[in-house]
Amino acid sequence: MEEELAEARRLEAERKKEERERRWRDLRDSVPWVSLLARSNLYNWVTSSDRQLLTRGQSALWRVVERDGLGVLVGDNRSGNDIYTGVFSNHWEDFVCQFEVSLKTGALRISPRSQSNPGTGALAEQTSPMLELGDDFPKNRWVKVTIEVHGESVVLRYGDAGTEMILDSETTRIPATGGLVFWIADGTRVELRDVRVKLVSDSRDGGIFAK
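Student: Quick rundown of the overall build of the chain? Include the residues and the values.
Tutor: The secondary structure content of the chain amounts to 2 helices and 14 strands. By the compact-globule yardstick of 17 Å for 211 residues, the chain fits well, its C-alpha radius of gyration being 18 Å. Projecting the C-alpha coordinates of the chain onto the three principal axes gives extents of approximately 65 × 40 × 30 Å. Scored against the burial criterion, the 211 residues of the chain give a buried share of 44%. By sequence separation, contacts in the chain at least 24 residues apart represent 74% of the contacts at least 6 residues apart. For the chain, the computed accessible surface area is about 11500 Å², with 46% contributed by carbon and sulfur atoms.

Given below as structure tokens:
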């Protein structure tokens, strides 16, 4: 009886995984893009290390400048510490995020699913490991990056050749929900533009199985 129950649970888990993959493929193409970056401010980017700096009367290290009608997110870190910024999105489940990045010096690290406190801008413990665009990433030119996050799968692709980076779900554990956060270390200078997302499923709407 125990073996039969275990087999039934295994088959049900496989069925749900296959159904999730099917819904992901169907919805990924039909969901519209939503721009995340305004032309002149970081209104929605409330997950940020800048929140602590501003409460201490210090200047923010992330800023937006307008160029050719587009908002460009600039990070120039000379603080001696890591800094981060992201859109508060603790309930994002499956999504595609696309942006262009011009890396001047250092490395851009990306946490594909992070939980945060919107009141303080601080990150919670439920934060995924990071993907890093660093030494091998092209410098001083705009490069398109696409990140697909669904279930336990995280895939990042960049450049004309479609260079691919993957978080291995068998060795890496990420939260079930959470938003994308950008990190840079001291000495890093980076610019991002045309940051947009396709939110395929959100836990507040019942998740992908409610679609």
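Student: Give me the lowdown on the packing of aromatic side chains, citing residues and values where you can.
Tutor: Within this structure, the stated rule accounts for 5 aromatic pairs. Taking the centre distance of 4.8 Å and the plane angle of 40° together, the rings of Tyr84 and Trp183 count as tilted. Here Trp183 lies in strand E13 (residues 179-184) and Tyr84 lies in strand E5 (residues 83-86), a separation of 99 residues in the sequence. A relative accessible area of 9% means that Tyr84 is categorised as buried.

Student: Give a description of the nonpolar core that names residues and reports values.
Tutor: Among the nonpolar cores identified, the biggest contains 35 residues, and Phe99, Leu108, Ile110, Val145, Ile147 and Leu192 are the most heavily contacted of them. Contributions of two or more residues to this core are made by strand E3 (62-67), strand E6 (92-105), strand E7 (108-116), strand E9 (131-133), strand E10 (143-150), strand E11 (153-158), E13 and strand E14 (189-202). Examining the composition of this core, we find that 6 residues originate from one element, E6, more than from any other. Not counting residues within four places of it along the chain, the set of residues in contact with Ile110 comprises Phe99, Pro129, Met130, Leu131, Leu133, Ile147, Leu156, Leu180, Val181 and Phe182.

Student: Summarise the pattern of salt bridges; cite the residues concerned and give the values.
Tutor: Counted by the stated rule, this structure contains 17 salt bridges. The partner of Glu7 in a salt bridge is Arg10, and the shortest N-O contact between them spans 2.6 Å. Linking Glu7 with Arg10, this pair stays in helix H1 (residues 2-30), spanning 3 residues, or about one helical turn.

Student: How would you sum up the pairing of E5? Please name residues and give values.
Tutor: In regular strands, side chains alternate between the two faces of the sheet. The alternating pattern of E5 places Ile83 and Thr85 and Tyr84 and Gly86 on opposite faces, both of which are buried. Inspection of the sheet shows strand E2 (residues 47-48) paired to E5 by 2 bridges, in the antiparallel sense. Along E5, the bridge assignment pairs Ser48 with Thr85. Where E5 meets E13, 4 bridges bridge the pair, whose relative direction is antiparallel. By the bridge assignment for E13, Gly86 is matched with Val181.

Student: How would you explain the side chain of Ser89 if you had to name every residue and give the values?
Tutor: Within the secondary structure, Ser89 sits in the loop between E5 and E6. Ser89 gets classed as buried once you look at its relative accessible area, which sits at 4%. Among the polar contacts listed, one links the side chain of Ser89 to the backbone oxygen of Val87, at a separation of 2.9 Å. Ignoring sequence-local partners within four residues, the contact set of Ser89 consists of Gly178, Gly179 and Leu180.

Student: Please give an account of the environment of Gln126 that cites residues and values.
Tutor: Tracing the backbone through its elements, the reader meets Gln126 in strand E8 (residues 123-127). Gln126 sits in the partly exposed class, given a relative accessible area of 46%. Taking the C-alpha atoms as reference points, Gln126 and Met1, separated by 125 residues in sequence, lie 37 Å from one another. Apart from residues no more than four positions distant in its own chain, Gln126 is found in contact with Arg113, Ser114, Gln115 and Pro175.

Student: An account of the side chain of Glu191 is needed here, citing residue identities and associated values.
Tutor: Along the chain, Glu191 turns up in strand E14. With relative accessibility at 13%, the residue Glu191 sits in the buried group. Reaching out from Glu191, the side chain makes a polar contact with the side chain of Arg67 at a distance of 2.7 Å. Not counting residues within four places of it along the chain, the set of residues in contact with Glu191 comprises Arg67, Val72, Leu73, Val74, Glu100, Val101, Ser102, Lys104 and Trp142.

Criteria and thresholds
- Per-chain numbering applies: the sequence of each chain, read as written, is numbered from 1 onward.
- Reporting of local features is limited, given that this is a predicted model, to residues whose pLDDT is at least 70; pairs of side-chain atoms are given and counted only at 80 or more, and all residues count toward the totals for whole chains, interfaces and linings.
- To obtain the side-chain values, all non-hydrogen atoms of the structure were included, while hydrogens and water were left out.
- Runs of H or I in DSSP of at least four residues are treated as helices and runs of E of at least two as strands, each being numbered from the N terminus.
- Based on C-alpha atoms, the radius of gyration is set beside the globule rule, defined as 2.2 Å times the residue count to the power 0.38.
- Here's how the labels work: a residue is buried when its accessible area is under 20% of the maximum for its type, exposed when over 50%, partly exposed in between, all with a 1.4 Å probe on protein chains only.
- In this analysis, two residues are considered to be in contact whenever any of their non-hydrogen atoms come within 4.5 Å of each other.
- Using a 1.4 Å probe, accessible areas were evaluated by the Shrake-Rupley method; residue-level cover was limited to the displayed protein chains.
- Ring geometry is summarised as follows: Phe, Tyr and Trp rings, the Trp one being its six-membered ring, pair when their centres sit within 6.5 Å, and such pairs are stacked at plane angles under 30 degrees, edge-to-face over 60 and tilted between the two.
- Put simply, a nonpolar core is a bunch of buried Ala, Val, Leu, Ile, Met, Phe, Trp, Tyr and Cys residues held in one set by side-chain atoms that sit within 4.5 Å of each other.
- Salt bridges, as used here, are contacts in which a Lys or Arg side-chain nitrogen is within 4 Å of a carboxyl oxygen on Asp or Glu.
- Strand pairing is assigned whenever DSSP detects at least two bridges linking the two strands.
- Under this definition, polar contacts are N or O atom pairs within 3.5 Å; protein pairs additionally need one hydrogen-donor-capable and one acceptor-capable atom, and for neighbouring residues in sequence, both atoms have to be side-chain atoms.

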